[in-house]
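Close look at the chain arrangement
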Amino acid sequence: MGIAEKILEIRSKLPSDVKLVAVSKTKPNSDIMEAYNVGQRIFGENKVQDLTAKYEVLPKDIQWHFIGHLQTNKVKYIAPFVSLIHAVDSLKLLKMINKEAEKNNRVIACLLQFHIAEEESKFGLSMAKCEEILKNPEFKALKNVQIAGVMGMATYTDNIEQIKGEFKTLDSFFKSLKTKYFNEDQAFCERSMGMSSDYEIALEQGSTMVRIGSTIFGERVYH
Ligand SMILES: *Cc1c(COP(=O)(O)O)cnc(C)c1O
């Protein structure tokens, strides 16, 4: 099956209000255009340099999502155009995104990344750390970032119950933040969860945004 067919097949399985982020990292522009030509407009990249290079030459109505770990010193390169930053897990990063967004006269949408997997990782917030950020007056003063929801990655395992439990946890974090901090805020609505191997489970647990790479574009080859 080609890229176009894969996109259409996945689309047919997604509820109409769930967004598909086609994760095009490491893939050539010609692959992205195959997806674009069947209507795909949201693409995800995890390297700043690749993202800016692709942004420059590809159609301007593509919505570029940054899905990887973002270093503060690189925010400036994507701030002029990025449409959503998925993996924000510190106040320091939020402050930098705010600063660069302001320079570009923009408000940049961000998701708070939670650590929900069993695997050790230096990335992703706990609920306590997240609330520390949201309660901080420095956060409340930021005018050029908009928190659009939460993001998380489940453990890489074939234990479906475990994956399900982790996505359920992320959904419960979302609901509790919504009630406590974003009740009036329509923009806080996304749960970015689910990749090639687990997006069907994520959908059952309330995902509003799935990030799918290898199922669409084939296995990645790293050089
Ligand atoms: C690479 C990546 C994906 C897509 O992974 P696949 O298994 O290829 O679908 C999704 N989310 C993040 C954060 C990624 O880095």
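For the structure given in this document, a descriptive report is provided here. (Residues numbered from 1 in each chain as written. Predicted model: local features only at pLDDT ≥ 70, side-chain atom pairs only at ≥ 80, totals over all residues. Heavy atoms only, no water.)

1. A closer look at the environment of Ser197
Basically, it comes down to this: We count a stretch as a helix when DSSP gives it H or I for four or more residues in a row; a strand needs E for two or more, and each element gets its number in order from the N terminus.
Along the chain, Ser197 falls in the loop between strand 7 (190–192) and helix 9 (199–204). The sequence separation of Ser197 and Tyr156 amounts to 41 residues, and the corresponding C-alpha distance is 8.6 Å.

2. Regarding the environment of Ile32
Looking at the element boundaries, Ile32 is found in helix 2 (residues 29–36). For the pair Ile32 and Ile3, spaced 29 residues apart in sequence, the C-alpha separation works out to 8.8 Å.

3. Structural notes on the site of the ligand
Test applied: Nearness here has a simple test: a residue counts as near a molecule or strand if at least one of its heavy atoms is within 4 Å of that partner. Within 3.5 Å is the distance limit for a polar contact, defined as a pair of N or O atoms, with the added protein rule that one can donate a hydrogen and the other accept it, and that residues adjacent in sequence qualify only through two side-chain atoms. Methods summary: accessible areas were calculated by the Shrake-Rupley approach with a probe of 1.4 Å, and residue burial reflects only the protein chains presented. We call Asp, Glu, Lys and Arg charged. Ala, Val, Leu, Ile, Met, Phe, Trp, Tyr, Cys and Pro are nonpolar, and the rest, Gly among them, are polar.
Looking at the ligand, the residues that line it are Val23, Lys25, Ile67, Met151, Met153, Met195, Ser196, Arg211, Ile212, Gly213, Ser214 and Arg220. Between the ligand and the protein, one listed contact pairs an oxygen atom with a side-chain N or O atom of Lys25 at 2.7 Å. Coverage of the ligand by the protein amounts to 90% of the 390 Å² it exposes when considered alone. Among the residues making up the shell around the ligand, the classes are represented as six nonpolar, three polar and three charged.

4. Thoughts on the pattern of salt bridges
What counts, and what does not: We count a salt bridge whenever a side-chain nitrogen from Lys or Arg sits within 4 Å of a carboxyl oxygen from Asp or Glu. Burial here depends on accessible area, computed with a 1.4 Å probe over protein chains only, as a share of the maximum for the residue type. Under 20% is buried, over 50% is exposed, and the range in between is partly exposed.
Counted under the stated rule, the structure contains 10 salt bridges. Among the ionic pairs, Arg191 bridges to Asp171, the shortest N-O distance being 3.5 Å. With Arg191 in strand 7 and Asp171 in helix 8 (residues 160–181), this pair connects stretches of sequence that are 20 residues apart. For the pair shown, Arg191 and Asp171 are each scored as buried. One network of salt bridges, with partners in common, ties together Glu9, Lys13 and Glu200.

5. Looking at the pairing of strand 2 (residues 42–45)
Remark: a regular strand shows side chains that alternate across the two faces of the sheet. The condition that has to hold: Strands are labelled as partners when DSSP assigns at least two bridges between them. For the handedness criterion, the strands are oriented away from the viewer, and a crossover whose path from the first strand over the helix to the second runs clockwise is classed as right-handed.
The two faces of strand 2 match: Ile42 and Gly44 on one face and Phe43 and Glu45 on the other face are all buried. Direction of pairing for strand 1 (residues 19–23) relative to strand 2: parallel, over a ladder of two bridges. Across the sheet, Val23 pairs through a bridge with Gly44, a residue of strand 2. Of the crossover connections in this fold, the one passing from strand 1 over helix 2 to the parallel strand 2 is right-handed. Of the strand pairs in this sheet, strand 2 and strand 3 (residues 63–66) are connected by four bridges, and their pairing is parallel. Looking at the pairing, Glu45 lines up with Phe66 of strand 3. For the crossover from strand 2 across helix 3 (residues 48–57) to strand 3, the handedness is right-handed.

6. As for helix 3
Since the α-helix packs 3.6 residues into each turn, any two residues three or four apart lie on the same face. The condition is simple: Arc definition: directions from the helix axis to the C-beta atoms. Here a residue-residue contact requires only that any non-hydrogen atoms of the pair lie within 4.5 Å.
Among all positions in helix 3, only Val48, Leu51, Thr52 and Lys54 are buried. Along the axis of helix 3, the buried positions cluster into a sector of 165°, meaning they face one direction only. Away from the buried face of helix 3 by more than 90 degrees, exposed residues Gln49, Glu56 and Val57 are located. In the core, the buried residues of helix 3 are packed alongside helix 2, strand 2, strand 3 and helix 4 (75–78).

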